[in-house]
Amino acid sequence: MSLNENWYQTAIEKYEINEISYKELLSKEQTRIGRGAFGIIYKTKCESIGNVAIKEVSTTLEDDETCINNFINELKIHSRIEHERIIQFYGISQNIDDGMYYVVLEYANQGNLREFLIKKKNCNFEWKERLQLAVQIAEGLLYLHDYLNIAHRDLVIILVKS
Ligand SMILES: Nc1ncnc2c1ncn2[C@@H]1O[C@H](COP(=O)(O)OP(=O)(O)OP(=O)(O)O)[C@@H](O)[C@H]1O
């Protein structure tokens, strides 16, 4: 099977990327939270996980083999990562009814760093908290660099408050 024929099946069968049944992603509860390079990002609920973020994967991906290879490679790398400072990758999913594909990720309940800093502008943003954030970001990067030998060239900081 060539990658172009069906990247989704290739990712699952050849590269052992986890598949999450779309039935698990309760579509009624989907709310839009952002826009990424490949499409819209929603918050939804997954029956077996709880709150998750799902990223649409544009179907134009099908037309470009380099793009598909890069994308699958990113999925493979992400599926090896398990660290409290890095958003967890859970798998990929397909809505057969409308032909949409999704990447399923841990939901970051505090949004991205830019929005967080804008909110904080008018409130107290203690140096202690700033330092904590910086250290946590560095911990995530250290894990990628030192343990997995990955240089992250497109860092997006999103925040999870537990
Ligand atoms: N897991 C998540 N939890 C909560 N919000 C998220 C999550 N992922 C993305 N977002 C929101 O969507 C915005 C865009 O996401 P992001 O930059 O990751 O998309 P992208 O361009 O597809 O990223 P990349 O191609 O680098 O993986 C973020 O700034 C954030 O507000």
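Residues numbered from 1 in each chain as written. Predicted model: local features only at pLDDT ≥ 70, side-chain atom pairs only at ≥ 80, totals over all residues. Heavy atoms only, no water.

Let us look at the overall build of the protein. The number of helices and strands found in the protein is four helices and five strands. Start at the N end of the protein and walk to the C end: the helices and strands fall as α-β-β-β-α-β-β-α-α. Computed over C-alpha atoms, the radius of gyration of the protein comes to 17 Å, within 12% of the 15 Å expected from 2.2 N^0.38 for 162 residues, which places it in the range of a compact globule. C-alpha extents for the protein along the principal axes are approximately 55 × 40 × 25 Å. Relative to its full complement of 162 residues, the protein shows a buried share of 35%. Pairs at least 24 apart in sequence give 53% of the contacts found in the protein among residues at least 6 apart. Roughly 10700 Å² of accessible area belongs to the protein as shown, and the carbon and sulfur atoms make up 47% of that amount. Both charge centroids of the protein, one from 19 positive and one from 24 negative side chains, sit 10 Å from each other. (Helix = DSSP H or I, 4+ residues; strand = E, 2+ residues; numbered from the N terminus. Rg over C-alpha atoms; globule rule 2.2 N^0.38 Å. Buried < 20%, exposed > 50% of the residue type's maximum accessible area, 1.4 Å probe, protein only. Contact = heavy atoms within 4.5 Å. Areas by Shrake-Rupley, 256 points an atom, 1.4 Å probe, with all protein chains shown as cover. Lys, Arg positive; Asp, Glu negative; His and termini not counted. Charge placed at Lys NZ, Arg CZ, Asp CG, Glu CD.)

The UniProt record marks Lys55 with the feature "binding site: ATP" (unreviewed entry), using the residue numbering of this structure. Positionally, Lys55 belongs in strand E3 (residues 50-57). By relative accessible area, Lys55 is classed as partly exposed at 37%. Setting aside residues no more than four positions away along its own chain, Lys55 makes contact with Ile40, Ile41, Tyr101, Tyr102, Val103 and Leu105. (UniProt positions renumbered as here; feature names shortened; annotations may be inferred.)

Around the ligand there are 15 residues in total, and Ala37, Glu106, Ala108, Asn112 and Asp154 lie nearest to it. Interatomic distance of 2.8 Å between a backbone N/O atom of Ala37 and an oxygen atom of the ligand. Within the side chain of Asn112, one N or O atom sits 2.9 Å away from an oxygen atom of the ligand. Against a free-state accessible area of 620 Å², the protein chains account for coverage of 80% of the ligand. Of all the secondary structure elements, the ones that give two or more residues to the shell around the ligand are strand E1 (31-36) and E3. Residue composition of the shell around the ligand, by class: eight nonpolar, three polar and four charged. (Near = heavy atom within 4 Å. Polar contact = N/O pair within 3.5 Å; in protein donor to acceptor, adjacent residues only side chain to side chain. Nonpolar A, V, L, I, M, F, W, Y, C, P; charged D, E, K, R; others polar.)

Here the focus is the layout of surface pockets. Approximately 180 Å³ is the volume attributed to the second largest pocket. Taken together, Tyr8, Glu19, Ile20, Ser21, Tyr22, Lys23, Gln94, Asn95, Ile96 and Asp97 make up the full set of residues lining the second largest pocket. Here the residues of the lining of the second largest pocket sort into four nonpolar, three polar and three charged. (1 Å grid on protein atoms, 1.4 Å probe; cavity = no way out; pocket = protein on both sides within 12 Å on 5 of 7 lines; lining within 4 Å. Points joined across faces, edges and corners; volume = space filled by probe spheres on them.)

We now examine the packing of aromatic side chains. Under the definition given, this model contains eight aromatic pairs. Judged by centre distance (5.0 Å) and plane angle (65 degrees), the rings of Trp7 and Tyr101 are edge-to-face. Taken together, the residues Trp7 in helix H1 (residues 7-13) and Tyr101 in strand E5 (residues 100-106) connect sequence positions 94 residues apart. Summarising the aromatic geometry, the rings of Tyr22 and Tyr102 are spaced 5.6 Å apart at their centres and angled 20 degrees between planes, so their arrangement reads as stacked. With Tyr22 in the loop between H1 and E1 and Tyr102 in strand E5, the pair connects residues that are 80 residues apart, well separated along the chain. By the burial criterion, Tyr22 is buried, and Tyr102 matches it. The ring centre of Trp127 lies 4.3 Å from the NZ or CZ of Arg130, which sits over that ring. (Phe/Tyr/Trp six-rings, centres within 6.5 Å; stacked < 30°, edge-to-face > 60°. Lys NZ or Arg CZ within 6 Å of the ring centre and 35° of its normal.)

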